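# A look at the structure
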Amino acid sequence: MKFIVSSTYLLKQLQVLGGVINNSNTLPILDNFLFELKDSKLTVSASDLETTMSSTLDVESDEDGSIALPARLLLDTLKTFPEQPLTFVVEDNNTVEISSNHGKYALAYADGNEFPKAVELDNPSTTTIAGDILATAISKTIFAAGNDDLRPVMSGVFFQFSTEGLTFVATDAHKLVKYTREDVKADQVAEFIMPKKPLNLLKGILATSDDPLTIEYNDSNAKFTFENSVLVCRLIDGKYPNYEAVIPKENPNKLTIDRTQFLNSVRRVSIFSNKTTHQIRLKIAGSELNISAEDIDYSNKAEERLTCDYQGDDMQIGFNSRFLTEMLNNLNADNVQLEMSLPNRAGILTPIDGLDEGEQVTMLVMPVMLNN
């Protein structure tokens, strides 16, 4: 088996696939990339058993075969090469020889047949979506997903497809983000929970691509096909909590404010907040918003005043500043609206502008008890 491939082209594909490989694998074969050669097409795959991703590259070759090569060694070597053709030749003594312009490098390979096969999906449902839309949906929601192993359903992003539109939801019980697209529709109703790892991989690859991407899914797995790559992953098993029930419907108190100004104020004031609760206090009266924080143990405190547009009763409400900062950071609007009902009910943050046609973002943040 022999093939010739451009060094930078190969490195670019392998770096993406390298994101799939765990630092410590239970099966040694998973520390390798699988190289499958067929009719001048080289398919390279990486897997951690839950997620398998493969890319197809054009190479010069007229042979077939499959081998598994050590991922870390290959990546470290390729990073050091300037752009040049590399020749890979499988030798008799169980090594692969790579020839560059300046030298030769031999590395041991494993049998390609030992590599776990990607799952084939039986009669899946299919939806097509533009790559950049999916990347936006992921980046707008994934930060709100939880890390709690005891509640695995909350550690992923909930995909809800219907003939009306697509909805993506993430929550960790303290904050919740719901992202909706009405300009993209699915043929039939479906819902599943995607784990974070494959979503982060997709987000990185799709951010710059507006090519269509096909999502196929059944009860246990999902498959994403785009350009020359395929990603198959196991879905999180379980029922997603009824998130609509926690979004308060009646919110008479509405605060409208410049997002950047609000974000910078919250960031500054939160430096003076208690290091365990990160609590900041919003006191709203008339058209004035007063943001304050206090760390009684160290006698640190800070207070800032902002002008805002406010309709509603005067109120005081406490929030965890880290959640508020994260949410404001993930909106690209110039102005945002914070809707509240009572100091012990969740606040709803929505962007007023900066959205595409058919795009909606609702962020919900739970308040913290204020100690007067």
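Further up the page is the structure itself.
The present account deals with the structure reproduced in this document.

Procedures and definitions
Throughout this description, residue numbers start from 1 for each chain and increase along the sequence as written. Only residues with pLDDT of at least 70 are given local features in this predicted model, and only at 80 or more are side-chain atom pairs given and counted; all residues enter the totals for whole chains, interfaces and linings. Note: side-chain values were computed over all heavy atoms of the structure, leaving out hydrogens and water. What counts as a helix is a DSSP run of H or I of at least four residues, what counts as a strand is a run of E of at least two, and both are numbered from the N terminus. Given a helix with a known number of residues, its expected span is that number minus one, times 1.5 Å. Between buried and exposed lies partly exposed: a residue is buried under 20% and exposed over 50% of the maximum accessible area for its type, with that area taken using a 1.4 Å probe on protein chains only. Working definition: the arc comes from the directions between the helix axis and the C-beta atoms, pointing outward to the latter. Every residue pair with non-hydrogen atoms within 4.5 Å of one another is taken to be in contact. Pairs of N or O atoms are called polar contacts if they sit within 3.5 Å, as long as, within protein, a hydrogen donor faces a hydrogen acceptor (for residues adjacent in sequence, only side-chain-to-side-chain pairs). At least two DSSP bridges between two strands are required for those strands to pair. In this analysis an axis means a line fitted to C-alpha atoms, helices contributing only their contacting stretch, and an angle means the value between N-to-C directions, from 0 to 180 degrees. Each Phe, Tyr or Trp ring, with Trp reduced to its six-membered ring, pairs with another whose centre is within 6.5 Å; inter-plane angles below 30 degrees give stacked pairs, above 60 give edge-to-face pairs, and intermediate values give tilted ones. Salt bridges are defined by distance alone: a side-chain nitrogen of Lys or Arg within 4 Å of a carboxyl oxygen of Asp or Glu. For our purposes a nonpolar core is just a set of buried Ala, Val, Leu, Ile, Met, Phe, Trp, Tyr and Cys residues, chained together by side-chain atoms within 4.5 Å. These descriptions rest on fixed angle ranges, namely under 35 degrees for roughly parallel, over 145 for roughly antiparallel, 65 to 115 for roughly perpendicular, and the rest for oblique. Helix crossings get a hand from a simple test, with the near helix turned counterclockwise from the far one by less than a right angle marking a left-handed crossing and a clockwise turn marking a right-handed one.

## Some words on helix H5 (residues 259–270)
- For H5, built from 12 residues, the straight-helix expectation of 16 Å at 1.5 Å per residue is met to within 8% by its first-to-last C-alpha distance of 16 Å.
- Considered for burial, the residues of H5 that qualify are Arg259, Phe262, Leu263, Ser265, Val266, Val269 and Ser270. All buried residues of H5 project into a common sector of 165° when viewed along the axis, lining one side.
- Buried residues belonging to H5 abut strand E18 (253–258), strand E19 (279–285), strand E20 (288–295), strand E21 (300–307), helix H6 (321–329) and strand E24 (335–340).
- At the N-terminal end of H5, a side-chain oxygen is found 3.0 Å from the backbone nitrogen of Thr260, two or three residues along, and the residue is Asp258.

## Remarks on the sheet that holds strand E9 (residues 110–111)
- The antiparallel open sheet is built from nine strands, whose spatial order is E9-E5-E2-E3-E4-E17-E16-E15-E10. Strands with a single pairing partner mark the edges of an open sheet, and in this sheet they are E9 and strand E10 (125–130).
- Seen against the sheet, helix H2 (residues 71–79) touches strand E2 (32–38) and strand E5 (65–70) and runs at an angle of roughly 80° to E5.
- Relative to the sheet, helix H3 (residues 131–141) contacts E10, strand E15 (212–217) and strand E16 (221–226), its axis offset from that of E10 by approximately 95°.

## Some points on the packing of aromatic side chains
- Per the stated rule, a full pass over the model turns up 14 aromatic pairs.
- Pairing Phe81 with Tyr105 gives two aromatic rings, centres 5.5 Å apart and planes at 70°, and the pair type is edge-to-face. Pair noted here: Phe81 is in the loop between H2 and strand E6 (85–90) and Tyr105 is in strand E8 (residues 104–108), with a separation of 24 residues, a long-range link.
- Ring geometry for Phe161 against Phe168: centres 6.3 Å apart, planes inclined by 75°, an arrangement best described as edge-to-face.
- Residue classification places Phe168 among the buried residues on the basis of a relative accessible area of 1%.

## Side note on the pattern of salt bridges
- Using the criterion set out here, one finds 14 salt bridges in the structure.
- Lys79 is paired through a salt bridge with Asp76; the nearest N and O atoms lie 4.0 Å apart. Of this pair, Lys79 and Asp76 both sit in helix H2, separated by three residues, roughly a single helical turn.
- The class of Asp76 is partly exposed, set by a relative accessible area of 39%.
- With a shortest N-O distance of 3.6 Å, Lys175 and Glu326 are connected by a salt bridge. Highlighted residues: Lys175 in strand E13 (residues 175–181) and Glu326 in helix H6, separated in sequence by 151 residues.
- Through salt bridges with shared partners, one network takes in Arg72, Asp76 and Lys79.

## What to know about the nonpolar core
- Counting 99 residues, the largest nonpolar core has Phe33, Phe35 and Phe262 as its most contacted members.
- In terms of residue count, H3 provides more of this core than any other element does, five residues in total.
- In this structure, Phe262 is in contact with Ile257, Leu282, Leu289, Ile291, Leu306, Leu324, Leu328 and Val336, ignoring residues within four places of it in sequence.
- Membership of the second largest hydrophobic core comes to 13 residues, among which are Val169, Ile193, Tyr243 and Leu364.

## Some thoughts on the packing of H5 against H6
- One way to put it is that H5 packs onto H6 with a least axis distance of 10 Å and a crossing angle of 150°. Comparing the axis directions of H5 and H6 gives the class roughly antiparallel. Crossing of H5 over H6 shows left-handed handedness. Packed against H5, whose contacting residues are Arg259, Phe262, Leu263, Val266, Arg267 and Ser270, the element H6 presents Ser321, Leu324, Thr325, Leu328 and Asn329 at the interface.

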